[in-house]
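Now for the letters of each chain:
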Amino acid sequence: LMEVEISCPCAPIGKDVNIGDSVLAIGWPLGAVEFATYGYVQGFDTFRVWSSTQLAPGNSGGGLFSFQWGSWKLVGITVEVAGVNTGFMGVPVYHMSRSVPVYDILYFIHHKEPK
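Residues numbered from 1 in each chain as written. Predicted model: local features only at pLDDT ≥ 70, side-chain atom pairs only at ≥ 80, totals over all residues. Heavy atoms only, no water.

(A) Summary view of the confidence of the model for the protein. Chain-level pLDDT for the protein is 83 on average; 89% of the residues reach the 70-or-more range. Ranking the elements of the protein by mean pLDDT puts strand S6 (residues 90-101) last with 82 and strand S4 (residues 63-68) first with 94. (pLDDT = per-residue confidence, 0-100. Helix = DSSP H or I, 4+ residues; strand = E, 2+ residues; numbered from the N terminus.)

In structure tokens form, the structure reads like this:
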């Protein structure tokens, strides 16, 4: 991760989300054009927000947005599709995704000690 200061039409950062909040995941699956899927926050675990946004390979690294204060705000970065471990092979559950909350990312950037 890195942080740079640039002027751009960047996404404003929103507040933390709650279970049931509407969210929008935007990514570039399989190198295709920008693609958005709509869903709801389903739950939380350590450092991740679970949502019902449908994803495909290549969506990772895209933004998770929530409609707050009259506009869409960045609330997380998509990291993975959920899956079921069946032993030898995992089975992806494309309608369940996990994202890292944006405040956890900002904390990591600003509190990580250089080596």
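(B) Region of the structure containing unusual backbone geometry. The backbone of phenylalanine 47 shows a phi angle near 65°, a positive value even though the residue is not glycine. Along the polypeptide, phenylalanine 47 turns up in the loop between strand S2 (35-45) and strand S3 (48-51). Classification of phenylalanine 47 by relative accessible area gives exposed; the value is 56%. (Buried < 20%, exposed > 50% of the residue type's maximum accessible area, 1.4 Å probe, protein only.)

(C) Focus on the packing of aromatic side chains. If you walk through the whole model with that rule in mind, you get two aromatic pairs. For the ring pair tyrosine 38 and tyrosine 40, a centre distance of 5.7 Å and an interplane angle of 75° mean the geometry is edge-to-face. For tyrosine 40, a relative accessible area of 39% translates into the label partly exposed. On the basis of an interplanar angle of 65° and a centroid distance of 5.3 Å, the ring pair of phenylalanine 67 and tryptophan 72 is categorised as edge-to-face. (Phe/Tyr/Trp six-rings, centres within 6.5 Å; stacked < 30°, edge-to-face > 60°.)

(D) Highlighting the nonpolar core. Val17, Val23, Ala25, Val41, Val49, Leu55, Leu64 and Val75 form the largest nonpolar core, which has eight residues in total. Those residues in contact with valine 75, other than ones at most four positions away along the chain, are Gly14, Lys15, Val17, Leu64, Phe65, Ser66, Gln68, Val100, Pro101 and Val102. Ile26, Phe65, Leu74 and Val102 belong to the second-largest nonpolar core, a separate cluster that totals five residues. (Core = buried A, V, L, I, M, F, W, Y, C linked by side-chain atoms within 4.5 Å. Contact = heavy atoms within 4.5 Å.)

(E) A look at the pattern of salt bridges. All told, the structure shown has three salt bridges when counted by the stated rule. Between glutamate 80 and arginine 48 there is a salt bridge, with its nearest N and O atoms 2.5 Å apart. Pair noted here: glutamate 80 is in strand S5 (residues 71-85) and arginine 48 is in strand S3, with a separation of 32 residues, a long-range link. Given a relative accessible area of 25%, arginine 48 falls into the partly exposed group. Glutamate 80 is paired through a salt bridge with arginine 98; the nearest N and O atoms lie 3.0 Å apart. Highlighted residues: glutamate 80 in strand S5 and arginine 98 in strand S6, separated in sequence by 18 residues. A relative accessible area of 12% places arginine 98 in the buried class. Connected through salt bridges with shared partners, the residues Asp45, Arg48, Glu80 and Arg98 form a single ionic network. (Salt bridge = Lys/Arg side-chain N within 4 Å of Asp/Glu carboxyl O.)

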